[in-house]
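The residues making up each chain are set out below.
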Amino acid sequence: MTNVSSKRLVALGADHAGFQLKDALKADLADGGYDVLDLGTSGPDSVDYPDFGRAVAEAVASGRADLGVVVCGTGIGISIAANRNPGVRAALCHSGLEARLAREHNDANVLALGSRIIGLEAARDALHAFLNTEFAGGRHAGRVAKLSTH
Ligand code: RB5
């Protein structure tokens, strides 16, 4: 996973259902030259996904991290948690196409993945697309701005 993006620091978070996928992607990111901020969890003991979605959201919204990746069993709970932060646009993706469009059209800044739904290669495709696609702006800019006005 080559770092061809200007986005350098990626915050990662997962619950007990997602930590293995999170750790696999963390290794890929490190191999690709990205800086990684791993906010846990790091083992199979049961934890609560809102805590990790919130931690990644705060890192991204504060500017401590450029982008975030959150993983739980379905990706649903942790994406809901991340999206509670008004500075976050978390997108639950199952493919590279969705991740590319989430960046191009929605300026998504957090990628959410479901470890019990997709396999490692699909997750890698999504992450690669997410990291290497820029927001297209143009007609999408006003729509994305409206996300922050409600
Ligand atoms: C944990 O069992 C599971 O509920 C969680 O990982 C996630 O899928 C919630 O949305």
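Residues numbered from 1 in each chain as written. Predicted model: local features only at pLDDT ≥ 70, side-chain atom pairs only at ≥ 80, totals over all residues. Heavy atoms only, no water.

K.L.:
Give me the environment of A91: which residues, what numbers.
P.N.:
Here A91 is to be found in strand β4 (residues 90–92). Residues A91 and T41, 50 residues apart in the sequence, show an inter-C-alpha distance of 20 Å. Here A91 is in contact with A102, A108, V110, L111 and A112, once residues within four sequence places are set aside. (Helix = DSSP H or I, 4+ residues; strand = E, 2+ residues; numbered from the N terminus. Contact = heavy atoms within 4.5 Å.)

K.L.:
Explain the site of the ligand to me, using residue names and the numbers behind them.
P.N.:
Every residue close to the ligand is listed here: D15, H16, A17, Y49, C72, G73, T74, G77 and R116. Note that an oxygen atom of the ligand is positioned 2.6 Å from one of the side-chain N or O atoms of D15. Between the ligand and G77 there is a distance of 2.9 Å, counted from an oxygen atom to a backbone nitrogen or oxygen. Contact with the protein chains removes 72% of the 290 Å² of surface that the ligand exposes when unbound. Of the residues in the shell around the ligand, the class split is 3 nonpolar, 4 polar and 2 charged. (Near = heavy atom within 4 Å. Polar contact = N/O pair within 3.5 Å; in protein donor to acceptor, adjacent residues only side chain to side chain. Areas by Shrake-Rupley, 256 points an atom, 1.4 Å probe, with all protein chains shown as cover. Nonpolar A, V, L, I, M, F, W, Y, C, P; charged D, E, K, R; others polar.)

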